[in-house]
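One-letter residues, chain by chain:
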Amino acid sequence: MLRSRMNTLPTYLPEDAEAQPPALYPEYRSTGLRAPKQPLVRIPQTLTEVTGPAGDWERLGGPAMADLTRQHRAEPQGQRIILAGRVLDEQGRAVPRTLVEVWQANAAGRYVHARDQWDAPLDPNFTGVGRAVTDEAGRYRFVTVKPGAYPWGNHENAWRPAHIHFSLFGPAFATRLVTQCYFEGDPLIPLDPIAGAVPARARDRMLARFDLSLTQPAWALGYVFDIVLRGRAATPMEA
Amino acid sequence: MPGPVRSLGATPWQTVGPFFHYALPWPGAADLVGGDANLGARPELTPADHFLLQPVENDASGEAIWLEGRIVDGAGEPVPDALVEIWQADPEGRYGGSSFRGLGRAASGDDGSYLFRTLKPGRAPGPGNTLQAAHLAVGVLGRGLLKRLVTRAYFEGDDGLETDPILDLVPAARRSTLLARRVERGRYRFDIVLQGDGETVFFEF
């Protein structure tokens, strides 16, 4: 008798704790009342954690918006850049067909958001939202403008370094990642308590690096930002 | 058997910050059934000509339930800038196995409240030969949350709560924080306490 084929699903390595920020980081004041005080409860990964939303991303939120400089009547102000990279797992496997969502401030450091009250100009030609789905090799590519730094109220003379927010799903609920992409060499990074909450050894994994080969002559500077999601554990799950 | 080697370092988590509303919760993101094309989003926080996310219509069939709740911080104050994400099985207990999308997102309101309209999940297999009680996986993102917090919403009065392999790992005194209370038929309430008295149980896995 033929044995019915067993479906297996990958399970995932424990999170690399030495790469991740703690829940409570007093220098980032908003963590004070929002970080849980009880320890996290460790559970085994079940079908709930090793499955995740997939495919049909255009139905959720609309079609790809990979060029943030062409969402309005004219081009936005600022330094045009290409921001591209690959989404991989900790074993270097490409993560294909996963949604990459980005959002950012404009070139003056102002967000198109009612709660951003900083006195810097909005740009009618820039929203700062993008969506892309990775290709078979895990690649994504956005065209945008370099965001500006902006002040915030965390401490005296506090400024957020220029950054672009990234949100990714990966193959499972367990591989979800929301991060921020900074720009190599920005002097504000070492002063920033949000970037600084990440252990020093892992901080440069959040850096986009200038790349001449990605730079398009007489058009846009290229920056590479590769993103690494949790890798697979040795033992798959039968499903 | 040696475990797989990590050849690349994982990208660290960072907070979603307070300004995600024009990027993440698309209109209808909190409605997994269909019927409310705006649920989940907060377009009023973005000038109309800059709100580019498109609404989603669903055509899932089945008996809809409402899941409502409020997110509060360690001072008992509402959290008005959180994003709640759910991932769940379909009514037959299958993940991603049907037209039901299983993914939902809801931005909290100024009063810290959130609301989903979804189908009640069926029971999915657990480790070994166990069967999990029906539940939603819940992720909480927000300003001040450097990493996502993950919890589960089970349903008060359901079958299988006593034998659920995950609830079994939670100290008995704290299990009630994982139970969505039945408000009325088809309506459940699941409050999320980030810190302090009645703090919700959060998981790692």
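Re the overall build of chain B
A tally of regular secondary structure across chain B gives zero helices and 10 strands. Tracing chain B from N to C terminus, the helices and strands come up as β-β-β-β-β-β-β-β-β-β. For chain B, the C-alpha radius of gyration of 17 Å lies close to 17 Å, the compact-globule estimate for 205 residues. Its C-alpha atoms give chain B principal-axis dimensions of about 55 × 40 × 40 Å. The contacts of chain B with a sequence gap of at least 6 include a subset with a gap of at least 24, amounting to 67%.

Some words on the interface of chain B and chain A
Each side of the interface is counted separately: chain B has 68 residues, and chain A has 73 residues. Residue assignment for the side of chain B that touches chain A shows that the elements contributing at least two residues are β5 (135–142) and β10 (203–204) of chain B. No other element matches the four residues that β5 of chain B contributes to the side of chain B that touches chain A. Considering only residue class, the side of chain B that touches chain A consists of 39 nonpolar, 21 polar and eight charged.

Some points on unusual backbone geometry
Keep in mind that most residues, glycine aside, have a negative phi and that most peptide bonds are trans. All names here are of chain A. For Arg-97, which is not glycine, the phi dihedral falls at a positive 55°. Structurally, Arg-97 is set in the loop between β3 (80–89) and β4 (99–104). Of note in the backbone geometry, Asn-157 takes a positive phi value of approximately 55° without being a glycine. Along the polypeptide, Asn-157 turns up in the loop between β7 (150–152) and β8 (158–160). The exposed category is assigned to Asn-157, around which 6 C-beta atoms lie within 10 Å.

Thoughts on the confidence of the model for chain A
Note that predicted coordinates carrying low pLDDT should not be read in detail. All names here are of chain A. Overall, the predicted model of chain A reaches an average pLDDT of 95, with 97% of residues at or above 70. Element-level pLDDT for chain A is lowest in strand β14 (residues 237–238), with a mean of 85, against a maximum mean of 99 in strand β9 (residues 163–168). Taken as a whole, residues 1–5 scores under 50 in pLDDT and shows zero contacts with residues more than four places along the chain or in a different chain.

Considering the environment of Gln-79 of chain A
Residues and elements named next belong to chain A. Position of Gln-79 relative to the elements: it lies in the loop between α1 (47–50) and β3. Gln-79 sits in the exposed class, given 12 other C-beta atoms within 10 Å. In this structure the C-alpha to C-alpha distance between Gln-79 and Ala-220, which are 141 residues apart in sequence, comes to 7.8 Å. Leave out the neighbours within four places in its chain, and Gln-79 touches Ala-107, Val-145, Lys-146 and Leu-221.

Topic: the environment of Gln-195 of chain B
Position of Gln-195 of chain B among the secondary structure elements: in the loop between β9 (192–193) and β10. Under the C-beta neighbour-count criterion, Gln-195 of chain B is labelled buried, with 22 such atoms within 10 Å. Sequence spacing of Gln-195 of chain B and Tyr-114 of chain B is 81 residues, and the spatial spacing of their C-alpha atoms is 18 Å. When sequence neighbours within four positions are dropped, the list of residues in contact with Gln-195 of chain B reads Leu-33, Arg-34, Ala-35, Pro-36 and Lys-37 of chain A together with Asp-73 and Gly-74 of chain B.

Some details on the environment of Pro-96 of chain A
Within the secondary structure, Pro-96 of chain A sits in the loop between β3 and β4. If we ignore the near neighbours within four places in the chain, the residues touching Pro-96 of chain A are Thr-134, Asp-135, Glu-136 and Gly-138 of chain A.

Some remarks on the pairing of strand β2 (residues 82–88) of chain B
Consecutive side chains along a regular strand alternate between the two faces of the sheet. Residues and elements named next belong to chain B. Among the seven residues in β2, seven count as buried, and that is most of the element. Neither face of β2 is open: one carries Ala-82, Val-84, Ile-86 and Gln-88, the other Leu-83, Glu-85 and Trp-87, and all of them are buried. In this sheet, β5 lies alongside β2 in antiparallel orientation, the contact comprising seven bridges. Paired with Gln-88 across the bridge in β5 is Leu-136. Note: β2 against strand β3 (residues 103–107), five bridges, orientation antiparallel. Looking at β3, one finds that Trp-87 is bridged to Leu-103.

Here is what the cut-offs are and how they apply
- Residues numbered from 1 in each chain as written.
- Chains lettered and ligands numbered in written order.
- Predicted model: local features only at pLDDT ≥ 70, side-chain atom pairs only at ≥ 80, totals over all residues.
- Helix = DSSP H or I, 4+ residues; strand = E, 2+ residues; numbered from the N terminus.
- Rg over C-alpha atoms; globule rule 2.2 N^0.38 Å.
- Contact = placed C-beta atoms within 7 Å.
- Nonpolar A, V, L, I, M, F, W, Y, C, P; charged D, E, K, R; others polar.
- Buried ≥ 20, exposed ≤ 12 C-beta atoms within 10 Å, placed from the backbone.
- pLDDT = per-residue confidence, 0-100.
- Pairing = 2+ DSSP bridges.

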